[in-house]
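Now for the letters of each chain:
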Amino acid sequence: MSQGRVEGIYLARESAGPTFPVDSVRAIAGRGLEGDRKFDAGRRKGKRGRDLTLIEAEAIEGLERDTGIHLEPGEPRRQVVTRGIRLNDLVGERFRVGEVECL
């Protein structure tokens, strides 16, 4: 499996609030990232698989290249920005982001 890297981690305290970068964050299984608006959201709604959101830096750059729309890394409102890994290839697979095992 190819090795990508995390370029940034972004949280937001409120649903429509601004995102802010963090150097590290505690991930709790079934709950999400501590300090983020989505912490516990999946558990409250009885839905799984919404504890962590990811986006490829290349996708953000491709949007600007294709449309001229510039977004800063936190603006797509995804918590983890990656580089060098095709996230769509990981759908339905187990993989790791740092010490966190994801599905």
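Rules used throughout
- Residues numbered from 1 in each chain as written.
- Predicted model: local features only at pLDDT ≥ 70, side-chain atom pairs only at ≥ 80, totals over all residues.
- Heavy atoms only, no water.
- Pairing = 2+ DSSP bridges.
- Helix = DSSP H or I, 4+ residues; strand = E, 2+ residues; numbered from the N terminus.
- pLDDT = per-residue confidence, 0-100.

S.K.: So what exactly am I meant to see when it comes to the pairing of strand 1 (residues 5-12) here?
M.R.: Across a regular strand the side chains alternate sides, sitting on one face of the sheet and then on the other. Here strand 1 runs beside strand 6 (residues 80-83); their pairing, made up of four bridges, is antiparallel. Of the residues in strand 6, the one forming a bridge with glycine 8 is valine 81. In this structure, strand 1 lies alongside strand 2 (residues 19-22), joined through four bridges in antiparallel fashion. Its bridge partner lying in strand 2, leucine 11 is registered against phenylalanine 20. Counting the residues between successive antiparallel strands, the hairpin from strand 1 to strand 2 contains six residues.

S.K.: Please clarify how the confidence of the model for the chain should be interpreted in this entry.
M.R.: For the chain, mean pLDDT is 87; residues scoring 70 or higher make up 88% of the total. Helix 1 (residues 41-45) is the least confidently modelled element of the chain, averaging 60 in pLDDT, while helix 2 (residues 57-67) averages 97, the highest of any element.

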